[in-house]
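Listed here are the chains, written in short residue letters.
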Amino acid sequence: MTKSITPTQIKKNNRSLIYHYLYQHPGSSQQELALQLHLSRPTVASNLSLLESEGRISKSGQIASESAGRKAAAYAIVPDFRIALGVELLKNEVKVVAVNLYGKSIARDSFSETYTDTPEYYQMICDKILIFARALPCESSQILGIGFAMQALISADKKSILYGKILSCTGLSLSVFSDHLPWPCSFIHDAESAAISELWASPDLTDAFYLSLSRHLGGSVIAKRTIMGGKHGHSGTIEHIHMRDNGIRCYCGQIGCMETLCSVKTLLADGETIESFFTNVRQGNVICSCRWAAFLSDLAECINLLHLVYDTDFILGGHLAPYLQEEDLLFLHEKIRQLTPFGEPADFLRISKMPQDNICIGAALPYIQGFWG
Ligand SMILES: [Zn+2]
């Protein structure tokens, strides 16, 4: 039996249509909304009033009207009507961002704290998040939720850590945070959150291999704009692919993993910062340039291997991304060309469009995506 749509549902649908249209087309007039959505002017007018009274939209200026001499009000959504928080938990640092309904970062903070698996640590981090949230231009009730990006594999329900050797946090429950915070909380694998922010920034992106080149290596397989989790949740964990028999020991316990070739931890010397390293490279420092060339050669070997498995675009992201230049891509491509039987152009190598705070932002974005449905 077909259910009939009630007048209340029609009104709700119309309001949702208008709200979504204004999200996509900020600065639209009442006339444009009526025309594009095939609604009557009175219907549009009453819904705009309601949306405005709810604080979801506001007048964003005036635009030329159909009748000479009169100007029509332009409307736009209120980007801060709802906000989501993203947190990146690292061994010696915690980063937090707030993103608005357009997925834009509106505030960020970071604090140096060494991770310890103690109630005091979790309480302190939550206290700092609460202070950060109180300074935002919104009420607590406007915060949709908070995502914690972890250097770890996450359970399907996003409530526990399945494998977390970097922080030694395997088995950790989300309750260490959610018990102290008034919003919905979730864990997210940091490589996944980085890929989510890349997808958000690239509406045309469908398939890709995202490489998170940060202190630790990570990967995400993107197919049809979906991040592949896999049967056991470890699709894309390329960092543990065996590459060298006599290499360095990886944190997983194995020798010569991809992690030991392509992580920033491997690239930098003790006490060296990524900024100082690249300043030296770009100024032609021989020692740093040789290290960089060796790193890129190893990276090329790894990308070639992955590219043979999945012939798609490779997005180079993570903390290394802001320092990558076109000449590095050309170098990488030449090395890959020497290794592969297929002579493809360099069009499959791309630098991330979201080089800053991408992991934090990606941890917050699922709440924004959930809001828009
Ligand atoms: Zn490993």
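Note: the structure precedes this text.
This section reports on the structure supplied with the text. What you are looking at is a predicted structure, and each value in this text was computed from that prediction instead of being measured.

### Describing the overall build of the chain
Tallying secondary structure elements over the chain gives 12 helices and 15 strands in all. Its C-alpha atoms put the chain at 75 × 55 × 55 Å along the principal axes. The burial tally for the chain puts 46% of its 373 residues in the buried class. Residue pairs at least 24 apart in sequence account for 60% of intrachain contacts in the chain once pairs closer than 6 positions are excluded. When the accessible surface of the chain is totalled, it reaches about 18,200 Å², and 53% of it is carbon and sulfur. Between the mean site of the 32 positive side-chain charges and the mean site of the 37 negative ones, the chain shows a separation of 8 Å.

### Looking at the sheet that holds strand β10 (residues 185-189)
Strand pairing in a sheet relies on backbone hydrogen bonds. The paired strands run either parallel or antiparallel. Taking strand neighbours across the sheet as the criterion, the 5 strands line up as β6-β5-β4-β7-β10 in an open arrangement whose pairing is mixed. The sheet is open, and its two edges are formed by β6 (105-111) and β10, each paired on a single side. For this sheet, the mean inter-axis angle between neighbouring strands, taken without regard to orientation, is 20 degrees. Across the face of the sheet, helix α4 (residues 119-134) comes into contact with β4 (83-89), β5 (94-99), β6 and β7 (143-150) while running at roughly 145 degrees to β4. Helix α12 (residues 358-372) contacts β4, β5, β6, β7 and β10 of the sheet and is inclined by roughly 150 degrees relative to β4.

### So, the packing of aromatic side chains
Under the defined criterion, the tally for this structure stands at 20 aromatic pairs. Between the aromatic rings of tyrosine 122 and phenylalanine 177, the centroid separation amounts to 5.4 Å while the plane-to-plane angle is 85 degrees, which identifies the pairing as edge-to-face. Of the two residues, tyrosine 122 sits in helix α4 while phenylalanine 177 sits in helix α5 (residues 175-178), which places them 55 residues apart along the sequence. Taking the relative accessible area as the measure of exposure, phenylalanine 177 reaches 0% and is therefore buried. Their ring planes at 80 degrees and their centres at 6.5 Å tell us that phenylalanine 314 and phenylalanine 348 sit as a pair that is edge-to-face. Pair noted here: phenylalanine 314 is in strand β14 (residues 313-317) and phenylalanine 348 is in the loop between α11 (326-339) and β15 (349-351), with a separation of 34 residues, a long-range link. For the pair shown, phenylalanine 314 and phenylalanine 348 are each scored as buried. An aromatic cluster of three or more residues is present, and its members are Tyr19, Tyr23, Phe81, Tyr102, Phe371 and Trp372. Between arginine 82 and the ring centre of phenylalanine 81, over which it is positioned, the NZ or CZ distance is 4.2 Å.

### Section: the pairing of β14
Of all the 5 residues making up β14, 4 are buried; the element is thus mostly covered by neighbouring parts of the structure. Summarising the sheet, strand β11 (residues 208-213) and β14 pair through 5 bridges and their orientation is parallel. Note that in β14 the partner of leucine 211 across the bridge is leucine 316. Pairing geometry for β14 and β15, over 3 bridges, is parallel.

### What about the pairing of β4?
Sheet faces and side chains relate simply in a regular strand, where the side chains alternate between the two faces. Among the 7 residues that make up β4, 7 are buried, leaving the element largely enclosed by the rest of the structure. Both faces of β4 are covered, namely the face carrying Ile83, Leu85, Val87 and Leu89 and the face carrying Ala84, Gly86 and Glu88. Note that β4 and β7 share 6 bridges and pair parallel. Paired with alanine 84 across the strands is glycine 145, a residue of β7. As defined by bridge partners, β4 adjoins β5 across 6 bridges and the pair is classed as antiparallel. Pairing of valine 87 across the sheet is with valine 96, part of β5. A loop of 4 residues connects β4 with β5, the two strands running antiparallel in sequence.

Calculation notes
- Residues numbered from 1 in each chain as written.
- Predicted model: local features only at pLDDT ≥ 70, side-chain atom pairs only at ≥ 80, totals over all residues.
- Heavy atoms only, no water.
- Helix = DSSP H or I, 4+ residues; strand = E, 2+ residues; numbered from the N terminus.
- Buried < 20%, exposed > 50% of the residue type's maximum accessible area, 1.4 Å probe, protein only.
- Contact = heavy atoms within 4.5 Å.
- Areas by Shrake-Rupley, 256 points an atom, 1.4 Å probe, with all protein chains shown as cover.
- Lys, Arg positive; Asp, Glu negative; His and termini not counted.
- Charge placed at Lys NZ, Arg CZ, Asp CG, Glu CD.
- Pairing = 2+ DSSP bridges.
- Axes fitted to C-alpha atoms, helices over the stretch in contact; angles between N-to-C directions.
- Phe/Tyr/Trp six-rings, centres within 6.5 Å; stacked < 30°, edge-to-face > 60°.
- Lys NZ or Arg CZ within 6 Å of the ring centre and 35° of its normal.

Remember that the coordinates give geometry; whether it matters functionally is a separate question.
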